[in-house]
Amino acid sequence: MKFWLAAALCLGLASPAAAASDREPAPAGSFPGAPPQFTKFTADELTRGFLALAFGSDLRIGARPKGVRRFDRPIRAVVVGGGSVDRVPAMQRVLFEYGEKVPNLHLSVGGAVDGAEITVRLIDEKNFGTALEAAFGREVARAFVAKTDPQCMTNVQSDPEGRIIHSESFIIVDKGDDVFLDCAYHELLHAFGLSNHDQRNPWTTLNQNRMVGYLSVYDRALLTLLYDSRLSPGMTRDQVNVALPQVIRSLGLAGPK
Ligand SMILES: [Zn+2]
């Protein structure tokens, strides 16, 4: 036991402390009690987060996508209202924020449901299971719920080259502002292509042990990287790992080490 304790302590000392810095309170409009955020990260902290979140998914149906997934054309998102609390304007504001703050998303909001790149469906919690079954069939929906007990969810369809064809998100509206905002920001990150979760990452809203409810500086940086022209759909982990340092540096996304 002592040996293991000593080894763990050594590891703790040997690995550098997290260098994220410049802590700020949650931005205006966040739900009461929303966590503060760090606003400066090292290139290594951004790279590690990107590699963990842009590859793989714990909500996968069918073949495992091989590389980066993202849209390769302008994105039109439509909000389909529903549920007992009207959150359509609030959901649209979240979308507009993503469109304004993330370069190269080319995001517009509104128009017909048919042909939209992203569909966001607002529902009450009691209808979540039914909505999932309607979208994916009973068997898949039940397997999802049994596996992950999801509160909200997003299905991303992409082609073999990693181009996203369509994303569909289900957001619960009747469990308070905190659940709604957390789901809205979290699920849109999935919809744009950050498909995975990382429960060990203390900065992202894609850590399922955290409730964030706003677009953090960290997640915005990861999405900015995903949509940079030097990255492309289908790129492998190794290719991304080679490309990222230069992209991070040129965009000025990382603070000093
Ligand atoms: Zn998620």
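Thresholds, definitions, all that
- Residues numbered from 1 in each chain as written.
- Predicted model: local features only at pLDDT ≥ 70, side-chain atom pairs only at ≥ 80, totals over all residues.
- Helix = DSSP H or I, 4+ residues; strand = E, 2+ residues; numbered from the N terminus.
- Buried ≥ 20, exposed ≤ 12 C-beta atoms within 10 Å, placed from the backbone.
- Contact = placed C-beta atoms within 7 Å.
- Expected span 1.5 Å × (residues − 1).
- pLDDT = per-residue confidence, 0-100.
- Axes fitted to C-alpha atoms, helices over the stretch in contact; angles between N-to-C directions.
- Left-handed = near helix turned anticlockwise from the far one by under 90°.
- Core = buried A, V, L, I, M, F, W, Y, C linked by C-beta atoms within 7 Å.
- Parallel < 35°, antiparallel > 145°, perpendicular 65-115°, else oblique.
- Nonpolar A, V, L, I, M, F, W, Y, C, P; charged D, E, K, R; others polar.
- Pairing = 2+ DSSP bridges.
- Right-handed = clockwise from strand over helix to strand, strands pointing away.

Describing the overall build of the protein chain
- On a plain count of helices and strands, the protein chain comes out with 8 helices and 7 strands.
- Here the protein chain holds 257 residues, and 37% of them are scored as buried.
- Considering only residue pairs separated by 6 or more positions, the protein chain has 69% of its internal contacts joining residues 24 or more positions apart.

A word on helix α3 (residues 88-101)
- In this model, α3 (14 residues) spans 20 Å end to end at C-alpha, consistent with the 20 Å of a helix rising 1.5 Å per residue.
- For α3, the secondary structure elements touched by its buried residues are β3 (75-80), β4 (107-109), β5 (118-123), β7 (164-172) and α6 (177-192).

Focus: the confidence of the model for the protein chain
- Averaged over every residue, the pLDDT of the protein chain is 88; residues scoring 70 or more account for 88%.
- Ignoring residues within four places in sequence, the model shows residues 1-17, a span with pLDDT below 50, making 0 contacts including any to other chains.

Observations concerning the packing of helix α2 (residues 43-53) against helix α8 (residues 237-251)
- The contact between α2 and α8 brings their axes to 10 Å, and the two run at 145°. The handedness of the crossing between α2 and α8 comes out as right-handed. Contacts from Ala-43, Leu-46, Thr-47, Phe-50 and Leu-51 in α2 reach Arg-237, Val-240, Asn-241, Leu-244, Pro-245, Ile-248 and Arg-249 in α8.

Description of the nonpolar core
- Counting residues in hydrophobic clusters, the biggest one holds 64 residues, and the most contacted among them are Ala-77, Ile-171, Ala-184, Tyr-185, Leu-194, Leu-222 and Leu-225.
- In this structure, Leu-194 is in contact with Leu-53, Ala-54, Leu-189, Leu-206, Leu-222, Leu-223 and Leu-226, ignoring residues within four places of it in sequence.

Structural notes on the environment of Asp-114
- Following the sequence through the fold, Asp-114 ends up in the loop between β4 and β5.
- Look at Asp-114 and you get exposed, because 7 C-beta atoms sit within 10 Å.
- Counting along the chain gives 36 residues from Asp-114 to Val-78, while the straight-line C-alpha distance between them is 9.3 Å.

Some points on the packing of α3 against α6
- Remark: α3 packs on α6, axes separated minimally by 10 Å, with the N-to-C direction vectors making an angle of 45°. Here α6 runs oblique to α3, going by the angle between their axes. Crossing hand, α3 versus α6: right-handed. Contact residues: α3 offers Met-91, Val-94 and Tyr-98, while α6 offers Ala-184, Tyr-185 and Leu-188.
- For the contact of α3 with α6, a count of residues per class yields 6 nonpolar, no polar and no charged.

Here's the deal with the sheet that holds β7
- An order of β4-β3-β5-β7-β6 is seen for the 5 strands of this open sheet, with the pairing classed as mixed. Where the open sheet ends on each side, the last strands, each with one partner, are β4 and β6 (153-158). Each adjacent strand pair in this sheet contributes to an overall mean axis angle of 15°, direction not counted.
- In terms of strand pairing, β3 meets β5 through 4 bridges, oriented parallel. Bridge pairing links Ala-77 to Ile-118 in β5.
- Sheet strands touched by helix α4 (residues 128-136): β5, β6 and β7. Its angle to β7, the strand with the most contacts, is close to 165°.

Quick word on the environment of Met-91
- Following the sequence through the fold, Met-91 ends up in helix α3.
- Separated by 12 residues in the primary sequence, Met-91 and Val-79 place their C-alpha atoms 7.3 Å from one another.

Observations concerning the pairing of β3
- Bridge analysis of β3 against β4 gives 3 bridges, and the strand direction is parallel. Its bridge partner lying in β4, Ala-77 is registered against Val-109.
- Following the backbone out of β3, through α3 and into the adjacent parallel β4, one traces a crossover that is right-handed.

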